Amino acid sequence: MTKTGSTKNRTTPPDIRLERRWWHEIPMWLFYVPVAIGIVAMLLRYRSFSAPLCANYGLEHGGLYPASKEAFFDRFPPGCPLLVKQTALDAALAADEALARYRAFARTLDDPRAVLKPDEGVQGTDVLWINSIPDFKNAWQQAAASGGTWLLQEFVGGVEVGLFYVRDSPAVHGRIVSMTLKRGFPVTGDGRRTIGELINAGDGVDADRQTRRRVAKYNRLQLQRVPKAGEAVDLMPVRNHHLGATFQDISGFITDALNAGVASHLDAIEGYHYGRLDARAPDYESLFAGRSIKVLEANALYSEPVHAYDPRYGLLKATGIFLSHWHLAIRAGLANQRAGKPRIAFWRSVFKAGSKS
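Here's what I pulled together on the structure shown here. In this text the structure is predicted, and so the values were computed from the model without any measurement. (Residues numbered from 1 in each chain as written. Predicted model: local features only at pLDDT ≥ 70, side-chain atom pairs only at ≥ 80, totals over all residues. Heavy atoms only, no water.)

## Examining unusual backbone geometry
Phi is positive for Arg-47, which is not a glycine, with a value near 55°. Positive phi outside glycine occurs at His-61, with the angle close to 60°. Counting through the fold element by element, His-61 comes out in the loop between α2 (51-54) and α3 (69-73). (Helix = DSSP H or I, 4+ residues; strand = E, 2+ residues; numbered from the N terminus.)

## So, the packing of aromatic side chains
Here the structure, examined in full by the defined rule, presents 18 aromatic pairs. Residues Tyr-32 and Phe-322 carry aromatic rings whose centres are separated by 5.7 Å and whose planes lie at 85° to one another, so their mutual orientation is edge-to-face. Of this pair, Tyr-32 sits in helix α1 (residues 28-46) while Phe-322 sits in helix α10 (residues 315-338), and the two are 290 residues apart along the sequence. A residue is classified by how much of its surface remains accessible, and Phe-322, at 1% relative accessible area, is buried. Considering the side-chain rings of Phe-253 and Phe-288, the 5.2 Å spacing of their centres and the 20° angle between planes classify their relative orientation as stacked. Of this pair, Phe-253 sits in the loop between β9 (246-249) and α8 (256-266) while Phe-288 sits in helix α9 (residues 284-289), placing them 35 residues apart in sequence. Pair check on accessibility: Phe-253 and Phe-288 agree, each one buried. Following the ring pairs from residue to residue traces out a cluster consisting of Trp-23, Phe-31, Tyr-32, Tyr-309 and Phe-322. Taking NZ or CZ as reference, Lys-317 lies 5.1 Å from the ring centre of Tyr-313, over its face. (Phe/Tyr/Trp six-rings, centres within 6.5 Å; stacked < 30°, edge-to-face > 60°. Buried < 20%, exposed > 50% of the residue type's maximum accessible area, 1.4 Å probe, protein only. Lys NZ or Arg CZ within 6 Å of the ring centre and 35° of its normal.)

## Concerning the sheet that holds β9
What the five strands build is an open sheet, ordered β9-β6-β5-β10-β11; its pairing is antiparallel. In the strand order of this sheet, the two ends are held by β9 and β11 (294-298), each with one partner. Sheet twist, expressed as the average angle between the axes of neighbouring strands with direction ignored, equals 30°. In the sheet, strand β10 (residues 274-281) pairs with β11 via four bridges, with the strands oriented antiparallel. Each bridged residue has a counterpart across the sheet, and for Asp-278 the counterpart in β11 is Glu-297. Lying over the sheet, α8 contacts β5 (159-166), β6 (175-183) and β10, oriented at roughly 110° with respect to β6. (Pairing = 2+ DSSP bridges. Axes fitted to C-alpha atoms, helices over the stretch in contact; angles between N-to-C directions. Contact = heavy atoms within 4.5 Å.)

## Examining the side chain of Ser-303
Of note, Ser-303 is situated in the loop between β11 and α10. Within the structure, Ser-303 has its side chain in polar contact with the backbone nitrogen of Arg-276 (distance 3.2 Å). (Polar contact = N/O pair within 3.5 Å; in protein donor to acceptor, adjacent residues only side chain to side chain.)

What is shown is where atoms sit, not what they do.
Structure representation (structure tokens):
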């Protein structure tokens, strides 16, 4: 388990400044150069280029490339309490038929809010928030124009985290090896200032200029709106680091109860031994107790250990975190190979997965 410092006498994670480090702004390909070199060195050391792919031998191409979210959810055991309510909608549906399906889905929810997102989307792109029928109609226009399959998903509030799951071998239970708190950008209206003014005001939110700029860009369509006095507004509902959310390493708060409430269900998925869950819980108490946790998305080998983006960490620390997680994937894959599990061909997977991008 990764530790970031003592959590003695603490029941909730400490507040940190919402900020971005200089290395967060460098191109992703440049950041991955030393990571890729380190991965290749490990593969040569273990004499197996296919080892990390075999960590998730039950997934196509070992989960090397993002795939259908709906298909991944179908791998969970029936009735798994981690799953959110959702339904798939083909963008080719006529507007009237899509609306009828939305209305039928909404009747199954306790909260009228919902989310519409691409089935194969990445990094929180094109996530659309729906609070009403007019919202859905507008969202469906965008979905229909984009094509593909879209997921209509119930809204889940509360604390959002990234939970990284690793199962070292088929002979042992899996565990949560790291946990990342995804902090949004909350503001409270005063009936006078616009969203744009609240973002730049500096009161109530301790954030640097780069974070404020990204939050403003994400909210560019509502910068002139004036929230009512006392109205709480979450300006970063999509907890994505590239969009403006701040990621905080809270791995020191991983508990046995959390493992029992999450990892035990993942153990039941055949051939899935490495990946990150994006999940929410009503509050910290529920999260640490492993209760009422809902998985928004499940990812595989391509998952980033997002706690590396904690602004308290420098570039060398972050690189080490990425490499340590890839080491876990390699070891899990080797253990699966020794156990006689199916092998995933490296070059075939790389070329086939690459052709999808």
